[in-house]
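Overview (structure and organization)
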Amino acid sequence: MYYVHAEHIGKKENLVPFISKRIIRIYPAYLTISLALLSGYLLFPSLSADGFDISPARVIFSLLLIPQELNPFMNVGWTLVYEMFFYSLFMVLILKQKIGWAIMFAWGAGIMIVYLAKPELAFPINFIFNIQNIGFLLGMCTAYICRNLNNNCNYFFYLGCFVFFGVGVGETIGPVFIRFENTLLYSLAASLIILGSYSINKFQKIKVNSLLLLTGSASYSIYLIHVPCPSILHRIVQWTGI
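Report on the accompanying structure. Here the structure is a predicted model, which is why all the values come from computation and not from measurement. (Residues numbered from 1 in each chain as written. Predicted model: local features only at pLDDT ≥ 70, side-chain atom pairs only at ≥ 80, totals over all residues. Heavy atoms only, no water.)

Describing the packing of helix α5 (residues 97-117) against helix α7 (residues 134-147)
Running from N to C, α5 and α7 cross one another at 125 degrees; their axes reach a closest spacing of 10 Å. Classed by the angle they form, the pair α5 and α7 counts as oblique. Read as a crossing pair, α5 and α7 show a hand that is left-handed. Of the residues in α7, those in contact with Trp 101, Met 104, Trp 107, Gly 108, Ile 111 and Met 112 of α5 are Ile 134, Phe 136, Leu 137 and Met 140. For the contact of α5 with α7, the class distribution of residues is nine nonpolar, one polar and no charged. (Axes fitted to C-alpha atoms, helices over the stretch in contact; angles between N-to-C directions. Helix = DSSP H or I, 4+ residues; strand = E, 2+ residues; numbered from the N terminus. Parallel < 35°, antiparallel > 145°, perpendicular 65-115°, else oblique. Left-handed = near helix turned anticlockwise from the far one by under 90°. Contact = heavy atoms within 4.5 Å. Nonpolar A, V, L, I, M, F, W, Y, C, P; charged D, E, K, R; others polar.)

Following this line, the structure appears as structure tokens:
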């Protein structure tokens, strides 16, 4: 986000194009799959993993990706709720640069204070300062470094992979970390991987396989269906006894 839109910060005329691009990118595919899934839930309530707890308010908030105490009825939408919240803060950066940066720094500080103090917070404060949001700020920091990168630092890619998979192994073989802390570690590792990958591409000019490029272009759609489809297939198998 910051890598692409850094020049738009503080320039009000870029706000409408920014909003329209975000809406076009997120909502058409999300609404299509969500409405298809909702239709399935209405016709076959047992498809719902949470017992078909779909109130009108939850449906509306889910479709619009507005924060709520429950996850959207299409569970993978929870990340998009955080993403849309981040976009709303980034809009402030475009409108009022100084105010936007102040909000970003205060937000990051609040996230880390909550992370370290671990207080019991109610919604929506627990949503606003959830450690999940740290990934957006780390992403902005990574983008800033990439935009100003003058030296090859491809070793960050290998370091990030080591941390990422190391944390995954730690999760698998025992409760070495708690999930709350893992989010921060995974986010740090992902930032290192992105920084290292950018450095490799900038200084070594690697040729990327066309299949990988196609997969990257389709990654958002794949993400949206990667949970609903296996879940529905699992229930179909249960019903049919296959």
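Re the side chain of Asn 14
With respect to the helices and strands, Asn 14 occurs in the loop between α1 (2-5) and α2 (15-43). Contact partners of Asn 14, with chain neighbours within four places excluded, come to His 8 and Ile 94.

Topic: the nonpolar core
Core analysis: the largest hydrophobic core is formed by 43 residues, its most contacted members being Ile 26, Leu 65, Phe 73, Phe 90, Met 104, Trp 107 and Met 140. At the level of secondary structure, the elements contributing two or more residues to this core comprise α2, α3 (56-64), α4 (77-95), α5, α7 and α11 (219-225). Among the elements that make up this core, the one with the highest residue count is α4 (11 residues). Ignoring any residue separated from it by four or fewer positions in sequence, one finds Leu 65 in contact with Ile 26, Tyr 27, Tyr 30, Gly 77, Leu 80, Val 81 and Met 84. (Core = buried A, V, L, I, M, F, W, Y, C linked by side-chain atoms within 4.5 Å. Buried < 20%, exposed > 50% of the residue type's maximum accessible area, 1.4 Å probe, protein only.)

Considerations on the state of the cysteines
Taken as a whole and assessed by the stated rule, the structure comprises zero disulfides. For Cys 141, which is in no disulfide, the shortest distance to another cysteine sulfur is to Cys 146 and amounts to 11 Å. Look at Cys 141 and you get partly exposed, because its relative accessible area is 46%. Between Cys 146, a free cysteine, and Cys 153, which holds the nearest cysteine sulfur, the sulfur-to-sulfur gap is 7.5 Å. Looking at Cys 146, the relative accessible area reads 4%, which means it is buried. (Disulfide = S-S within 2.5 Å.)

A look at a nonpolar patch on the surface
Residues Ile 60, Phe 61, Leu 64 and Ile 66 make up a contiguous nonpolar surface patch of about 320 Å² in total accessible area. For Phe 61, the location among the structural elements is in helix α3. (Patch = residues over 30% accessible without salt bridge, like charges linked within 9 Å, V, L, I, M, F, W, Y side chains within 5 Å. Areas by Shrake-Rupley, 256 points an atom, 1.4 Å probe, with all protein chains shown as cover. Salt bridge = Lys/Arg side-chain N within 4 Å of Asp/Glu carboxyl O.)

Some details on the pattern of salt bridges
One pass over the structure, following the stated rule, counts two salt bridges. Between Arg 147 and Glu 7 there is a salt bridge; the shortest N-O distance is 2.5 Å. Taken together, the residues span a long stretch of sequence, with Arg 147 in helix α7 and Glu 7 in the loop between α1 and α2 at a distance of 140 residues. What makes Arg 147 partly exposed here is its relative accessible area of 33%. Of the charged contacts in the structure, one is a salt bridge between Arg 25 and Glu 83, with a shortest N-O distance of 2.9 Å. One end of the pair, Arg 25, is in helix α2; the other, Glu 83, is in helix α4, and 58 residues separate them in sequence. Its relative accessible area of 39% is what places Arg 25 among the partly exposed residues. On the basis of relative accessible area, Glu 83 is assigned to the buried category, the value being 15%.

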